[in-house]
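Survey of secondary and tertiary structure
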Amino acid sequence: DAGVIQSPRHEVTEMGQEVTLRCKPISGHDYLFWYRQTMMRGLELLIYFNNNVPIDDSGMPEDRFSAKMPNASFSTLKIQPSEPRDSAVYFCASSEDTFYGYTFGSGTRLTVV
Amino acid sequence: ILNVEQSPQSLHVQEGDSTNFTCSFPSSNFYALHWYRWETAKSPEALFVMTLNGDEKKKGRISATLNTKEGYSYLYIKGSQPEDSATYLCAYDRDDKIIFGKGTRLHILP
């Protein structure tokens, strides 16, 4: 298994532009999580899905952020419009059952200038 | 507010010495406690998952203990090696979501 696949690995964009981050979870994992990592706040949960349905989006910072999971093998996190304070590493993780922990993707490093 | 606290934030340890650090978490609605090892430029890697009060887990030179009644877990590293340099994250698992601490950054000095 190739693990959790995220793309792109790096993204540099100008303030105001739309940014879309992509994630392919491990096949058979029913849970998918989006995390944001910053030096100040550590690893924060943004949103998670169970069987493609959003369960908890209380960590999504504001309306500029949205996430979708149209099928079991693909999820997107979109920021529109992007702002410099959105600069961070965004991780996607999937899990068969959270008891067993998560498998993380390699992350997308987003820089908004 | 759910707080998962890890201490110390950063730690420098001489190669060969043993060390330990702490994770504190809410003792209510506890499901599991996870430890992850996170090397720079890589994604977090699962080390242990513990569920029962008094659980102890061991993986080579690394071990962990769990106290769910008082809400803390310790991670121990025996005979530190340069490859142990990483950030160690603990995560409190409840209601199908996991809340991470900010980690302890461990530096092994040659």
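Here, the structure is the one placed above.
Residues numbered from 1 in each chain as written. Chains lettered and ligands numbered in written order. Predicted model: local features only at pLDDT ≥ 70, side-chain atom pairs only at ≥ 80, totals over all residues. Heavy atoms only, no water.

Turning our eyes to something else, we now look at unusual backbone geometry. Looking along the chain, the bond that leaves Ser7 of chain A and enters Pro8 of chain A is cis, with omega of -10°. Gln80 of chain A connects to Pro81 of chain A through a cis peptide bond whose omega is -5°. One non-glycine residue, Asn29 of chain B, lies in positive phi territory at about 55°. Position of Asn29 of chain B among the secondary structure elements: in the loop between strand E3 (19–24) and strand E4 (32–38). (Helix = DSSP H or I, 4+ residues; strand = E, 2+ residues; numbered from the N terminus.)

Turning to the pattern of salt bridges, a few remarks are in order. All names here are of chain A. Overall, the coordinates contain 12 salt bridges over all chains when judged by the stated rule. In this structure, Arg41 engages Glu44 in a salt bridge whose closest nitrogen and oxygen atoms are separated by 2.6 Å. With relative accessibility at 53%, the residue Arg41 sits in the exposed group. On the basis of relative accessibility, which here comes to 16%, the residue Glu44 falls in the buried class. (Salt bridge = Lys/Arg side-chain N within 4 Å of Asp/Glu carboxyl O. Buried < 20%, exposed > 50% of the residue type's maximum accessible area, 1.4 Å probe, protein only.)

Below, the discussion takes up the packing of aromatic side chains. Residues and elements named next belong to chain A. Enumeration over the complete set of coordinates arrives at 20 aromatic pairs over all chains. With a centroid separation of 6.0 Å and an interplanar angle of 50°, the aromatic rings of Tyr35 and Tyr102 are classed as tilted. One end of the pair, Tyr35, is in strand E4 (residues 31–38); the other, Tyr102, is in the loop between strand E9 (88–95) and strand E10 (103–104), and 67 residues separate them in sequence. Note on accessibility: Tyr35 and Tyr102 belong to one class, buried. Aromatic side chains Phe91 and Phe104 sit 6.1 Å apart centroid to centroid with 85° between the ring planes, which places their arrangement in the edge-to-face category. With Phe91 in strand E9 and Phe104 in strand E10, the pair connects residues that are 13 residues apart, well separated along the chain. When its relative accessible area of 2% is taken as the criterion, Phe91 is described as buried. Its relative accessible area of 6% is what places Phe104 among the buried residues. (Phe/Tyr/Trp six-rings, centres within 6.5 Å; stacked < 30°, edge-to-face > 60°.)

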